[in-house]
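# Inside the fold
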Amino acid sequence: MTTVADMQHVGRSVARLDGPAKVTGTAPYAYEQPVSDPLHLYPVRSTVARGRVTSIDATAALEVHESVRVLTAENAHDLSASVPGDMRVLQDDIVHYHGQFIGAVLGATPEIARHAADLVRVSYEPADHDTELRADHPDRYAPEGIHDGSIVTDVVDGDVDAGLRGADVSVDLSYHTSGQHHVAMEPNTAVAIWDVVDGADHLTLYDSNQGAFVIQLFLAPMLGLTMAQLEVISPFVGGSFGSKTIPRPLHVLVALAARSVPGRPVKFALARRHTFVGTAYRSPTIQRVRLGARRDGTLTAIGHDVVVQTARFGEYGEPAAVSTRMLYAADSRSTTHRLVRLDVSMPGMMRAPGEAPGSFAVESAIDELAAELGIDPIELRIRNEPTVAADSGRPFSSRDLVWCLREGASRFGWAGRDPAPRRRLENGWWLGTGVAAASYARQHFPPSSATVRALVAGRYRVELAASDLGTGTFTILTQIAADALGVALEDVDVAIGSSALAPAVAAAGSMGTATWSEAIVGTVEEFRTTHGDAPAVGAHTTATPRPSADHEAFAMHAFGAQFAEVAVHADTGEIRTRRLLGAFDAGRVVNPLMARSQLVGGMLMGLSTALHEHSVVDHRYGHVVTDDLASYHVASHADVPEIDAFWLGTPDPHYSVLGTKGIAEIGIVGVAAAIANAAWHATGTRVRSLPITLDNFLTTEAAPSSSRSTR
Ligand code: MOS
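Residues numbered from 1 in each chain as written. Predicted model: local features only at pLDDT ≥ 70, side-chain atom pairs only at ≥ 80, totals over all residues. Heavy atoms only, no water.

### Notes on the overall build of the chain
Scanning the chain from N- to C-terminus turns up 14 helices and 28 strands. For the chain, the C-alpha radius of gyration of 26 Å lies close to 27 Å, the compact-globule estimate for 711 residues. Taken along the three principal axes of its C-alpha coordinates, the chain extends 80 × 70 × 50 Å. Going through the 711 residues of the chain one by one, you find that 60% of them count as buried. Long-range pairs, those at least 24 residues apart, make up 80% of the contacts in the chain between residues at least 6 apart in sequence. A total of about 26300 Å² of accessible surface is found on the chain, and carbon and sulfur atoms cover 51% of it. (Helix = DSSP H or I, 4+ residues; strand = E, 2+ residues; numbered from the N terminus. Rg over C-alpha atoms; globule rule 2.2 N^0.38 Å. Buried < 20%, exposed > 50% of the residue type's maximum accessible area, 1.4 Å probe, protein only. Contact = heavy atoms within 4.5 Å. Areas by Shrake-Rupley, 256 points an atom, 1.4 Å probe, with all protein chains shown as cover.)

Given below as structure tokens:
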């Protein structure tokens, strides 16, 4: 196995190397790339949720300004036949969802384009639509696989019904989480230039994404281009959370628009409103959790059944029950997923797909079981700590969940907690504390490549198509490269964010650091073997080192324990989180400063999920109503409580070359359950539907403390 002998930089809190460029406004994001004489794109979007476009009248739009051009299914170029349903933009007259791109208006300025787009008149032949996910929806079905299709839909081991009947204590509960959108600070943007040189097409795409190579790989064939004919450039990215992982309809729209004006750049920045349709979102979930246990707390039966939505023309299944398969053991276990096709845009990956909503249900149910059993919820989890992954029987590469629970409890001040709910009333606020376990699986990602070059004066350049979403990739890859090469930080230039560089996986699935470090460390090793310790200037090596992690031998996950203290106002029901503390088993940490930001950021997003975020759909019209930041609430300054994260830091040599685990997603997992559990401890009211809003608590006074409310 490749190793790094001497770590001088890995493990240090190096400040962001790209920080000065960002705060001085000199770091060019996709939309800011200098291009000359661009046209600006404003989309025309459907105002019905299902049906056909019968006519588009662009007469008034074209009169706005001589620069205006209108692109529709009538005059757009054909895409290749194999393009998946959601990406068949401007190919026919069919409307699949409200807000679908049905045209593009180009103009010399953004204002001209927008004004002209407003004047495009569209007629429809609407059809009945259905946008409402229901647990008993008659069309629910079991897909071939969930997530990207690679995860088994159902795992059934033993008879859960019999297990529950034979249990000393059991719970059978339903949970609901609302749809969520990513709302990254930088909306999805792209600038496209379609050149025709000597009869050959070439598309340059400045694009905000999580991985330039991945966008190139999937988008090129849709546009009928070879890999060499599509260059994707995205050096700086302002957040994503999964919304920029793979090509979305906007990429096809801007590419088709650019193709209609060869040589002329076309700029497309989605308005905030546009990011709520067609850039993916987290499906609402309906989850049933059944747990059976012996008096001593030993789990004997676990059932976790999930219903989520997908689009009519494509399939993505939020894998909400998957982590339940390995987290706790029981004699009989069943985890299932059902999808319902609705007249909606494609759901997709959002931070901790599966684990985030799944942990809300399971970790709430564990808390409810603990209360039924009269066992402390931390103790109940520790009593059920498995020795191997319950689904695969494989040993864990490392699993320090018990450390997280115990050390977290100690730092949080759990000892002496009165287990009974509704006991602490201070200054008109009911106070309570809650806990939840967290896990996030290591993904099966293909290996990444890297290039190492010797520059003058003993300096090096390391290149790969990695991506920095604002998380610190530039900085940590420089730390890793410097240690692998045995030089100072100043002696390494790291280049990322372009498909012209060595192919690399996207910044997704919490796998960036693990995968890219493997590419860098292995390529440096090969570079040394080839060129020695004193390489000639210009000497270079590109390699794709073999991945070191063995999925057959180990179950690999990051773990964590989330602690929350909340206050619920006795009169108004207003709920505030007062404290959040996360304890994590995340392997070796490359940069504590940035790791803390990642983990705390994830926890805040968990708080936001618990109390604020709600993509409300008006089912009469089938559109997302809360499609701006005034109505789609994300946690802001006033919502940020006392918050901290800490970690064990022990390297896991089976997980990745440097012993790092992923930290991008584990932070969000379990937070919503910890807050809901704390809200119950404060008030005696169980809220099983996210987000938790004040109306849930307005009936507490009248209800007995053991009551269960379900919305
Ligand atoms: Mo992440 S949801 O894998 O981009």
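The rest of the description comes next.
### A closer look at the domain arrangement of the chain
Split by domain assignment, the chain resolves into domain 1 (4–28 + 446–543) and domain 2 (145–181 + 282–442 + 553–710). The C-alpha-based centres of domain 1 and domain 2 are spaced at 35 Å. On the domain 2 side, the residues contacting the 24 residues of domain 1 number 19 residues. Our enumeration of links across domain 1 and domain 2 arrives at zero salt bridges. The tally of links from domain 1 across to domain 2 stands at six residue pairs in polar contact (both at pLDDT 80 or more). (Domains from an automatic or database assignment. Salt bridge = Lys/Arg side-chain N within 4 Å of Asp/Glu carboxyl O. Polar contact = N/O pair within 3.5 Å; in protein donor to acceptor, adjacent residues only side chain to side chain.)

### A few points about the sheet that holds strand 21 (residues 540–543)
In space, the four strands of this open sheet follow the order 20-19-18-21, with mixed pairing throughout. A single partner strand is all that each edge strand has here, and the edge strands are strand 20 (492–495) and strand 21. Each strand of the sheet is rotated relative to its neighbour by a mean of 15 degrees, with strand direction disregarded. Bridge count for strand 19 (residues 460–463) against strand 20 is four bridges, and the pairing is parallel. For Tyr460, the partnering residue across the bridge sits in strand 20 and is Val492. Strand contacts of helix 11 (residues 473–485): strand 18 (450–454), strand 19 and strand 20, with the helix running at about 135 degrees to strand 20, the strand carrying the most contacts. (Pairing = 2+ DSSP bridges. Axes fitted to C-alpha atoms, helices over the stretch in contact; angles between N-to-C directions.)

### Overview of the environment of Leu327
Within the secondary structure, Leu327 is located in helix 7 (residues 324–327). The sequence separation of Leu327 and Thr577 amounts to 250 residues, and the corresponding C-alpha distance is 27 Å. Contacts of Leu327, omitting those with residues within four sequence positions, involve Glu363, Pro386, Arg399, Leu401, Ser439 and Phe559.

### Some details on the packing of aromatic side chains
Per the stated rule, a full pass over the model turns up 12 aromatic pairs. Ring-pair connections join several aromatic residues into one group, and the members of that group are Tyr29, Phe236 and Phe474. The positively charged end of Arg399 is found above the aromatic ring belonging to Phe396, 4.8 Å away from the centroid. Above the face of the Phe646 ring, Arg411 is positioned so that its terminal group lies 3.7 Å from the ring centre. (Phe/Tyr/Trp six-rings, centres within 6.5 Å; stacked < 30°, edge-to-face > 60°. Lys NZ or Arg CZ within 6 Å of the ring centre and 35° of its normal.)

### Brief notes about the nonpolar core
In this structure, Leu291, Leu369, Phe563, Ile675 and Ile692 are the most contacted members of the largest nonpolar core, which totals 86 residues. Excluding residues that lie within four positions of it along the chain, Ile692 makes contacts with Ile575, Ala610, Leu611, Ile675, Ala676, Val687 and Phe697. Leu464, Ala465, Leu477 and Trp516 belong to the second largest nonpolar core, which has 45 residues in total. (Core = buried A, V, L, I, M, F, W, Y, C linked by side-chain atoms within 4.5 Å.)

### Let's talk about the pattern of salt bridges
Under the criterion given, the structure shown has 39 salt bridges. With a shortest N-O distance of 3.1 Å, Glu318 and Arg282 are connected by a salt bridge. Here the residue Glu318 occupies a position in the loop between strand 14 (299–311) and helix 7, and Arg282 occupies one in the loop between strand 12 (266–269) and strand 13 (285–293), the gap between them amounting to 36 residues. Salt bridges here are not isolated pairs; linked through shared partners, they connect Asp367, Glu368, Arg686 and Arg688.

### Re the sheet that holds strand 14
Strand order in the open sheet formed by five strands is 7-15-14-13-8, with mixed pairing between adjacent strands. Strands with a single pairing partner mark the edges of an open sheet, and in this sheet they are strand 7 (155–157) and strand 8 (169–177). Put simply, the sheet's adjacent strands are angled 15 degrees from each other on average, direction ignored. Sheet topology note: the strand 14/strand 15 (residues 332–342) ladder contains 11 bridges and is parallel. Residue pairing for strand 15: Thr310 is matched across the bridge by Arg341. Across the sheet, helix 8 (residues 355–373) is in contact with strand 8, strand 13 and strand 14; its angle to strand 8 comes to roughly 150 degrees.

### What to know about the confidence of the model for the chain
Of all residues in the chain, 98% attain a pLDDT of 70 or more, and the chain-wide mean is 96. The low-confidence segment residues 702–711, where pLDDT is below 50, has 20 contacts with residues more than four positions distant or belonging to other chains. (pLDDT = per-residue confidence, 0-100.)

### Comments concerning unusual backbone geometry
A cis amide bond links Leu690 to the next residue, Pro691, at an omega of -5 degrees. On the secondary structure map, Pro691 appears in the loop between strand 27 (686–687) and strand 28 (708–709). Residue Asp198 is not a glycine yet carries a positive backbone phi of 50 degrees. Relative to the elements of secondary structure, Asp198 occurs in the loop between strand 9 (189–197) and strand 10 (200–207).

### Side note on the environment of Val120
Position of Val120 relative to the elements: it lies in the loop between helix 3 (110–118) and strand 6 (121–126). The exposure class of Val120 is buried, given its relative accessible area of 7%. Placed 63 residues apart in sequence, Val120 and Asp57 show a C-alpha to C-alpha distance of 5.9 Å. Apart from residues no more than four positions distant in its own chain, Val120 is found in contact with Val44, Ile56, Asp57, Ala61 and Val105.

### Focus: the packing of helix 13 (residues 592–611) against helix 14 (residues 671–683)
As a packed pair, helix 13 and helix 14 sit with axes 8 Å apart at the nearest point and diverge in direction by 55 degrees. Taken together, the axes of helix 13 and helix 14 lie oblique to each other. Remark: the crossing between helix 13 and helix 14 carries right-handed chirality. Residue-level inspection shows Met603, Gly606, Leu607, Ala610 and Leu611 of helix 13 in contact with helix 14, the latter providing Val671, Ala672 and Ile675. Residue classes in the contact of helix 13 with helix 14 are distributed as seven nonpolar, one polar and no charged. (Parallel < 35°, antiparallel > 145°, perpendicular 65-115°, else oblique. Left-handed = near helix turned anticlockwise from the far one by under 90°. Nonpolar A, V, L, I, M, F, W, Y, C, P; charged D, E, K, R; others polar.)

### Overview of the packing of helix 11 against helix 12 (residues 512–531)
Viewed as axis vectors pointing N to C, helix 11 and helix 12 meet at an angle of 30 degrees, and their least axial separation amounts to 10 Å. Comparing their axes, helix 12 and helix 11 come out roughly parallel. Every pair of crossing elements has a handedness; the one defined by helix 11 and helix 12 is right-handed. The segment helix 11 lies against helix 12, with Thr473, Ile476, Leu477, Ile480, Ala481, Ala484 and Leu485 engaging Thr513, Trp516, Ser517, Ile520, Val521, Val524 and Arg528.

### Thoughts on helix 13
Spanning 20 residues, helix 13 covers 28 Å between terminal C-alpha atoms, matching the ideal 28 Å at 1.5 Å per step. By the criterion of burial, helix 13 is predominantly enclosed, with 14 of the 20 residues buried. Taking the backbone nitrogen of Leu593 as reference, a side-chain oxygen 3.2 Å away marks Asn591 as the first, capping residue of helix 13. (Expected span 1.5 Å × (residues − 1).)

### A look at the side chain of Ser467
The topology assignment puts Ser467 in the loop between strand 19 and helix 11. Overall, the relative accessible area of 1% leaves Ser467 in the buried class. At 3.2 Å, the side chain of Ser467 forms a polar contact with the backbone oxygen of Asn209. Among all residues touching Ser467, those that are not within four sequence positions of it are Asn209, Gln210, Gly211, Val237, Thr473, Ile496, Ala507 and Trp516.

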